[in-house]
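# Structural description and commentary
These are the residues of each chain, in order.
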Amino acid sequence: MLVDTYGRVATDLRVSLTDRCNLRCTYCMPPEGLDWLPKPELLTDEEIVRLVTLAVERLGVTEVRFTGGEPLLRRGLPGIVERTAALTPRPQISLTTNGIGLDRLAAPLAAAGLDRVNVSLDTLDPETFVRLAHRDRLSDVLKGLEAADAAGLRPVKVNAVLMRGVNEHEAAGLLEFCAARGYELRFIEQMPLDAQHGWKRDDMVTADEILALLGAAHELTPDDPKARGSAPAELFLVDGGPVRVGVIGSVTRPFCGACDRVRLTADGQIRNCLFATEESDLRGAMRAGASDDELAERWRRAVHRKKPGHGIDDPSFLQPARPMSAIGG
């Protein structure tokens, strides 16, 4: 298993398939985009499947989530999903996406073995969407959500980031939109993972503020905390249920003590945390001819060094050099 010195066991693998994206969300990258990783540095489909197989069949990983950048831009995605679904024991397979192109790909991905999706949706207003993402693609995201639901990729989860002075007034509207369609909404605190390194705590809409905004329109009661386990979201019943809404307070309500995640970047680096400043190279070893046993041992050593927490409140905290698009959520 992948065990660190604090006794946490990593069973949830986040695999970034690309650092490229077709949006330019302000909390992630500048409007002009970034210099993408050169193609030779990216893991091939075969290399990704080899490492995922190693994680599932030898290292105890039970859930695989494909991320990016935007994972739907990876041409080999359906094949990667299909080969992951064929592993024994079969892992839970999910996808985090901005939803653009999901209207075409939801059914093929479901047929390949994808279990569910998380779709980013920060606003229901087309003008605000353009302001946030620098692209006029809200209708495409909404069509993607509908297609995911129709393909049975449930529960369809929606991730929303509220930004002060931009979209925080939409909190209740987003909740009502999702509740009416059976989507599960999760609000996520804005994290210091933007390429511009412009994140400021004072600009972040905190978990407490999110709950206050929702509480002004609906009665919220905490869901069973014992059922949360290692999940990042605190869940709340809306008006007595059955609708639930989640709040992920990554900054102000960290859940590092129960973290069970490990990340594989698109260029083959192991990261123990979104905010890690250290990585462990599997790509180089793999391309140099390392055996599965050697790669598994490298992976175990990497996770063993995992720090107790992200340290955002520590005066010595440094934002990671890589932005979210290059790390993979």
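A brief report on the enclosed structure follows. The residue count restarts for each chain, going from 1 along the sequence in the order it is written. Per-residue local features are limited, in this predicted model, to residues with pLDDT of at least 70; the limit for side-chain atom pairs, both in listing and counting, is 80 or more; totals at the level of whole chains, interfaces and linings are taken over all residues. To obtain the side-chain values, all non-hydrogen atoms of the structure were used and water was disregarded.

## Some remarks on the overall build of the protein
Inclusion rule: Put simply, DSSP H or I for four residues or longer makes a helix, DSSP E for two residues or longer makes a strand, and each gets a number counted from the N terminus. The quantity called the radius of gyration is restricted to C-alpha atoms. Its globule counterpart is 2.2 Å times the number of residues to the power 0.38. Buried means the residue's accessible area, taken with a 1.4 Å probe over protein chains only, is under 20% of the maximum for its type, while exposed means over 50%, and partly exposed covers the values in between. What makes two residues a contact is simply this: any of their non-hydrogen atoms within 4.5 Å. Shrake-Rupley sampling with a 1.4 Å probe provides the accessible areas, and residues are treated as covered by the protein chains on show and by no other component.
For the protein, the count of helices and strands is 10 helices and 12 strands. Whereas a compact globule of 329 residues would reach a radius of gyration of roughly 20 Å, the protein reaches 19 Å, a difference of no more than 12%. By residue count, 55% of the 329 residues in the protein fall in the buried class. Taking all contacts inside the protein whose residues are at least 6 apart in sequence as the whole, residues at least 24 apart take part in 72%. Split by element, the accessible area of the protein, about 14,100 Å² in all, is 51% carbon and sulfur.

## Topic: unusual backbone geometry
Of note, the bond from Thr88 into Pro89 is cis; its omega dihedral lies within 30 degrees of zero at -5°. Inspection of the secondary structure assignment puts Pro89 in the loop between α2 (77–85) and β3 (92–97). A cis geometry characterises the amide bond from Gly241 onward to Pro242, with omega recorded as 5°. Topologically, Pro242 is positioned in the loop between β8 (234–238) and β9 (244–248). Even without glycine at this site, His134 takes up a positive phi of about 60°. With respect to the helices and strands, His134 occurs in the loop between α4 (126–133) and α5 (138–150). Of the residues examined, His134 reaches a relative accessible area of 32% and is grouped as partly exposed. Look at Asp239: it is not a glycine, yet its phi comes out positive at around 55°.

## Some words on the sheet that holds strand β4 (residues 116–120)
Note the cut-off: In this analysis, strands are considered paired if DSSP registers two or more bridges between them. To obtain each axis, a line is fitted to C-alpha atoms, and for helices this fit is confined to the stretch in contact; angles are then taken between N-to-C directions over 0 to 180 degrees.
Strand order in the open sheet made by the 12 strands is β7-β8-β9-β6-β5-β4-β3-β2-β1-β10-β11-β12, with mixed pairing throughout. Edge positions in the sheet fall to β7 (220–222) and β12 (280–281), since each has one partner strand and no second. As paired elements, β8 and β9 share 4 bridges and run antiparallel to each other. What sits directly across from Phe236, in β9, is Val245. Here helix α6 (residues 171–181) sits on the sheet in contact with β5 (157–160), β6 (184–188), β8 and β9, set at roughly 155° to β6.

## Section: the side chain of Gln190
Looking at where Gln190 falls in the secondary structure, it is placed in the loop between β6 and α7 (207–215). With residues near it in sequence (within four places) discarded, Gln190 still touches Tyr27, Val161, Met163, Trp199, Asp203, Met204 and Val251.

## Some points on the nonpolar core
Rules: Take the buried residues of types Ala, Val, Leu, Ile, Met, Phe, Trp, Tyr and Cys, join any two whose side-chain atoms come within 4.5 Å, and each joined set is a nonpolar core.
Among the nonpolar cores identified, the biggest contains 99 residues, and Leu13, Val15, Phe66, Leu185, Phe187, Val245 and Trp299 are the most heavily contacted of them. Among the elements that take part in this core, helix α1 (residues 45–58) stands out by supplying 7 residues, more than any other. When neighbours within four sequence positions are excluded, Phe66 is seen to be in contact with Val15, Leu17, Pro71, Ile80, Val81, Thr84, Ile93, Ser94, Leu95 and Thr96.

## Let's talk about the pattern of salt bridges
Put simply, the rule reads: One side-chain nitrogen of Lys or Arg within 4 Å of one carboxyl oxygen of Asp or Glu is enough to make a salt bridge.
Scanning the entire structure with this criterion turns up 21 salt bridges. One salt bridge connects Asp208 with Arg253, and the closest N-O pair in it is separated by 2.4 Å. Taken together, the residues span a long stretch of sequence, with Asp208 in helix α7 and Arg253 in the loop between β9 and β10 (261–264) at a distance of 45 residues. Of the residues examined, Arg253 reaches a relative accessible area of 26% and is grouped as partly exposed. A salt bridge links Glu297 to Arg300; its shortest N-O distance comes to 3.5 Å. Of the two residues, Glu297 and Arg300 both sit in helix α9 (residues 292–304), 3 residues apart, roughly one turn of that helix. The exposure class assigned to Arg300 is partly exposed, which follows from its relative accessible area of 29%.

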